[in-house]
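Architecture and fold: a report
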Amino acid sequence: MKIDWTMDGKTLALQRSHDRIALVMQGGGALGAYQAGVFDTLSETTYQPDWVVGVSIGAINAAIIAGNPPKQRVERLNEFWRLVSSGLPQVGDALSLTPWLRAMTEIHDTRTALNQLSAWHAAWLGIPGFYQPRVPPPPFQLPGTPAALSLYDTAPLRETLEELIDFDLINKGPVRLSLGTVNVRTGNSYYFDSSNERIGPEHVMASGALPPSFPPIVIDGEAWWDGGILSNTPLQHVLEVRNPRECLLVFQIDLFNARGPVPVNFDEVLKRQKDIQYSSRTRYASNVAADLTNLRRAIIDLVAKLPESLLDDPEVQRLQAFANVAPIDLVHLIYRQGPEERESKDYEFSRVSVLERWEAGRRDMQDTINHPDWLKQSGRESGAMQYDLTRHSRQLNPLAL
């Protein structure tokens, strides 16, 4: 792969051959607009993924990418995020809606109050094209029915997926799709994968069936829940099932940051707990992957120094088989929230927040692509490289109201 990039007015070139490029996306509800923004910028480069892996909202974004031709992917992502952020009245009218909202702005800043209004709107009235509340609620529904198992009905999501995604393209196209779920009966993680089985809208919905909000999705007699309740980060799956002979480039797009300040109020306690819980130890997993790959490279270097008389030894051959794995380049992007976001950030679907998160993803990906350190390091011929640009050019709150 030949990559051209510009720095200080000079155009440079890097020769790097990756056998496969994977795009790996966490779950995180409304925060998933960040992933769409990352892909928006990524789609303008030569780094086109041929394997997309997702959990929950990451699964929806992944299916839209895999289920559309390259020129329509960003457009379809735009349609989805425009639809799910269309339920709330315009921001300019929001403050005049109720006296209690005006009172909230005296306690919190206006933007925080509007965000909370949006989250309440999503909780009470649902999200267009995504989910709607059960009426009557689950305790008053017939036991054993989907309506008795969740607060919301996700039938609107199926219609949205069928409208925006070409599932025939997923099942015969060049982009592999993997969707993380949990088997409700066994509690085991499972990834529906277009390389092994036919993918339909029900498989995408299963990956996003987060209890108790959404009902389990029954496929071939088994009930499935959101894979994020067991592990919200699909990276481990990619590392386990990858072809060890393929040089792999992974873009890992996370929505929850494991690192953060100590809370000073109860809302920050809830937000911090959610960040830690759903970050799913992503840095630990990526560090283990890098250490293991580099260990394998060290074994290969060590075996090369052994005398020929030892090369036929069964233990040496076993080490060689273990160590003969192609290198991995891991590019890690993490959504870093603005100060106005509350614990409800993952179900706060206001249009202004969606646009901000999308733009944050675009700019973070552009910073990463343009950063010379990554391009230099990713040219290494062996081992594993991790890259995480922790400081970006964007402001945490780029849109002023």
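Calculation notes
- Residues numbered from 1 in each chain as written.
- Predicted model: local features only at pLDDT ≥ 70, side-chain atom pairs only at ≥ 80, totals over all residues.
- Heavy atoms only, no water.
- Helix = DSSP H or I, 4+ residues; strand = E, 2+ residues; numbered from the N terminus.
- Contact = heavy atoms within 4.5 Å.
- Areas by Shrake-Rupley, 256 points an atom, 1.4 Å probe, with all protein chains shown as cover.
- pLDDT = per-residue confidence, 0-100.
- Buried < 20%, exposed > 50% of the residue type's maximum accessible area, 1.4 Å probe, protein only.
- Pairing = 2+ DSSP bridges.
- Right-handed = clockwise from strand over helix to strand, strands pointing away.
- 1 Å grid on protein atoms, 1.4 Å probe; cavity = no way out; pocket = protein on both sides within 12 Å on 5 of 7 lines; lining within 4 Å.
- Points joined across faces, edges and corners; volume = space filled by probe spheres on them.
- Nonpolar A, V, L, I, M, F, W, Y, C, P; charged D, E, K, R; others polar.
- Polar contact = N/O pair within 3.5 Å; in protein donor to acceptor, adjacent residues only side chain to side chain.

1. A look at the overall build of the chain
Scanning the chain from terminus to terminus reveals 15 helices and 13 strands. Expressed as a percentage of contacts within the chain between residues at least 6 apart in sequence, the contacts between residues at least 24 apart total 72%. Accessible area for the chain stands at about 18,900 Å²; split by element, carbon and sulfur atoms hold 54% of it.

2. Considering the confidence of the model for the chain
Mean pLDDT over the chain stands at 84; residues scoring 70 or higher make up 83%. Contacts of residues 90–97 to residues separated by more than four positions or lying in other chains number 14 contacts, the stretch itself having pLDDT below 50. Under a pLDDT of 50 for its full length, residues 396–401 has, in the predicted model, 18 contacts with residues more than four places off or in other chains.

3. Quick notes on the environment of Leu157
Structurally, Leu157 can be placed in helix α7 (residues 155–164). The class for Leu157 is buried, based on a relative accessible area of 4%. In sequence terms Leu157 and Glu202 are 45 residues apart; their C-alpha atoms lie 9.9 Å from each other.

4. Let's talk about the pairing of strand β3 (residues 20–25)
Across the six residues that make up β3, a large majority, six, are buried. Side chains Arg20, Ala22 and Val24 of β3 all project onto a buried face; the interleaved residues Ile21, Leu23 and Met25 project onto the opposite face, where all are buried too. As judged from the six bridges shared by β3 and strand β11 (residues 248–254), these two strands associate in the parallel manner. Counterpart to Met25 in the pairing with β11 is Ile253. Where β3 and strand β4 (residues 51–55) come together, four bridges link them in parallel fashion. Bridged to Met25 within β4 is Gly54. Read from β3 through helix α1 (residues 33–42) to β4, the crossover connection turns out right-handed.

5. Quick notes on the pairing of strand β8 (residues 189–193)
Sheet analysis places strand β7 (residues 176–183) next to β8, joined by five bridges and oriented antiparallel. Residue pairing across strands places Leu179 opposite Phe192, the latter belonging to β8. A loop of five residues connects β7 with β8, the two strands running antiparallel in sequence, and Gly187 in this loop sits at a positive phi of about 75 degrees.

6. A word on the layout of surface pockets
By volume, the largest pocket is sized at about 600 Å³. Around the largest pocket, the lining comprises 33 residues; the ones closest to its centre are Leu210, Ser213, Phe214, Asp346 and Tyr347. Put simply, the parts of the chain that give the lining of the largest pocket at least two residues each are α2 (57–66), α9 (201–207) and α11 (266–279). The greatest single-element share of the lining of the largest pocket, amounting to five residues, is contributed by α11. Here the residues of the lining of the largest pocket sort into 19 nonpolar, 10 polar and four charged.

7. A look at the side chain of Asp364
With respect to the helices, strands and loops of the structure, Asp364 is situated in helix α14 (residues 351–370). According to the relative accessible area criterion, Asp364 is buried, its value standing at 0%. In terms of polar contacts, Asp364 uses its side chain to reach the side chain of Tyr34, at 2.8 Å.

8. A closer look at unusual backbone geometry
Omega for the bond connecting Val135 with Pro136 falls within 30 degrees of zero, at 0 degrees, which places this linkage in the cis form. Examined against the element boundaries, Pro136 turns out to sit in the loop between β5 (132–133) and β6 (152–153). Cis geometry is found at the peptide bond from Pro211 to Pro212, where omega equals -5 degrees. For Pro212, the position within the fold is in the loop between α9 and β9 (217–219). In this model, Ser56 sits at a positive phi of 60 degrees, which is unusual for a non-glycine residue. Structurally, the position occupied by Ser56 is in the loop between β4 and α2. Ser56 sits in the buried class, given a relative accessible area of 12%.

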